[in-house]
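Chain by chain, the residues:
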Amino acid sequence: MKIILVTGGAGFIGSHLCERLVARGDTVICLDNLLTGSQKNIAHLMSKRNFFFFNHDVTKPFVSRKFAKIDEIYHLASPADPNVNSPFSYMAHPFETMKVNTIGTWNMCEIAYKFKAKLSFASTSEIYGDPEVSPQSENYRGNVSTIGPRSVYDESKRFGETIVAAFVSKKDLEGRITRIFNTYGPRMNVNEGRAVVNFIKQALTQKPITIFGDGKQTRSFCYIDDQVEGQILAMEKGKPGEVFNIGNDDERTILEFAKIIKQMTRSQSKITFSQRLPEDDPHQRRPDINKAKKVLQWKPKTSLEEGLFKTINYFKEIL
Ligand code: NAD
Ligand code: UDP
């Protein structure tokens, strides 16, 4: 039985990860300041004897006498929603986003170093920016603006990766990095602005499905259960300093994606287009997952239709 610290554990991905770790018998310490997450996501875990929640900002030092050791740290804390109009986006929280991915990552590396714990840093496909190559493999260095609207997220994740890499090379930290590609599923925040949530909500309420630009931009969507499996395998099988793309390589245009949701919800919603893409919105995104397949023996198992079916049912219940 391990003692595992999960930052951002009350968020979408973090809560599913905590659930899996608690179910297999590990002791889970969840640190979350509820900036974009919610205690509702972990309500079902609060009564478990092996789950401990601390309302804590990881940019501040974390001290607890309760735990004599920590074996693993999953550092997932960070806003992740890119929509400029959403109150939950990293654009709505630029300073918090920069701090959690830099100071927060540094703090987690210090804790991992002190306890000789393994660390996994949740980075993002956004570090590739608007990629000039497709698919994106781990050794692609990206095409990112340092000052554009997405830079508070992209560049702080990039520096977060650098912090982990320096702790690995200079202090022998057992750290690894996962680059998470668009992930979806139950417990996504219903009020945020990501495409999956917006399109399902719009389709179920018969409102126009709002495509930004002409819908020819692509994304590859990964179901949450596959993402969590990838996260755990990267921690268990990844060697210090390694980087893994974790995502689904089933690439679709956003228009195709909107049409699938419209059809699956049997919605009468119109699909509308805006004149152009938001600034720096990546035109294409598809992970090269050969490394994760080979080293972690991981690959996504859930088809887009199967994952969307479960996600749509979740939103039907809560809307
Ligand atoms: P989320 O917003 O649902 O979860 C993030 C959690 O971090 C929230 O519960 C939030 O309250 C918490 N948090 C933020 N700042 C904090 C701080 N200073 N101290 C403590 N807690 C803090 O987002 P998510 O989709 O679950 O994303 C989780 C991680 O995965 C993030 O690091 C994100 O960058 C990364 N990621 C997610 C996706 C995706 O498609 N969901 C894609 C790429 C990367
Ligand atoms: N998008 C859209 N309509 C929406 C929300 C998003 O057309 O209501 C587009 C967005 O511009 C991007 C893609 O869908 O091209 C995926 O956006 P999302 O916010 O889910 O995440 P991203 O991959 O951009 O981080």
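Under an unreviewed UniProt entry, the name given to the protein chain is NAD-dependent epimerase/dehydratase domain-containing protein, and the source organism is Candidatus Curtissbacteria bacterium RIFOXYA1_FULL_41_14. In its Cofactor (unreviewed entry) section, the UniProt record describing the protein chain reads: "NAD(+)".

Peer 1: Sorry if this is basic, but what is going on with the site of ligand 2 here?
Peer 2: By nearness alone, 17 residues border ligand 2, and Thr210, Phe212, Arg219, Asp281 and Arg285 come closest of all. Contact between ligand 2 and Phe212: an oxygen atom at 2.7 Å from a main-chain N or O atom of the residue. Taking Gln217, its side chain carries an N or O atom lying 3.0 Å from an oxygen atom of ligand 2. Across the complex, the protein chains shield 95% of the 520 Å² of accessible surface that ligand 2 would expose by itself. Of all the secondary structure elements, the ones that give two or more residues to the shell around ligand 2 are helix H4 (195–204) and strand E8 (209–211). Per element, the largest residue contribution to the shell around ligand 2 is three residues, and it comes from H4. Across the shell around ligand 2, the residue classes break down as six nonpolar, five polar and six charged.

Peer 1: It is not clear to me how the sheet that holds strand E2 (residues 27–32) should be interpreted in this structure. Could you clarify?
Peer 2: The strands that make up a sheet are held in pairs by hydrogen bonds between backbone atoms, and each pair lies either parallel or antiparallel. What the seven strands build is an open sheet, ordered E3-E2-E1-E4-E5-E6-E11; its pairing is parallel. Across the chains shown, the open sheet's two edge strands, defined by having one partner strand only, are strand E3 (51–55) and strand E11 (243–246). Mean inter-strand twist for the sheet, computed between neighbouring axes without regard to direction, equals 20°. The sheet contact formed by E2 and E3 spans five bridges and is parallel. In the strand pairing of E3, Ile29 is matched with Phe52. Across the sheet, helix H1 (residues 12–23) touches strand E1 (3–7), E2, E3, strand E4 (72–75) and strand E6 (174–180), and the angle it forms with E1 is around 170°. Of the strands in this sheet, strand E5 (118–124) and E6 touch helix H3 (residues 151–171), which is tilted by about 155° from E5.

Parameters and conventions
- Residues numbered from 1 in each chain as written.
- Chains lettered and ligands numbered in written order.
- Predicted model: local features only at pLDDT ≥ 70, side-chain atom pairs only at ≥ 80, totals over all residues.
- Heavy atoms only, no water.
- UniProt positions renumbered as here; feature names shortened; annotations may be inferred.
- Near = heavy atom within 4 Å.
- Polar contact = N/O pair within 3.5 Å; in protein donor to acceptor, adjacent residues only side chain to side chain.
- Areas by Shrake-Rupley, 256 points an atom, 1.4 Å probe, with all protein chains shown as cover.
- Helix = DSSP H or I, 4+ residues; strand = E, 2+ residues; numbered from the N terminus.
- Nonpolar A, V, L, I, M, F, W, Y, C, P; charged D, E, K, R; others polar.
- Pairing = 2+ DSSP bridges.
- Axes fitted to C-alpha atoms, helices over the stretch in contact; angles between N-to-C directions.
- Contact = heavy atoms within 4.5 Å.

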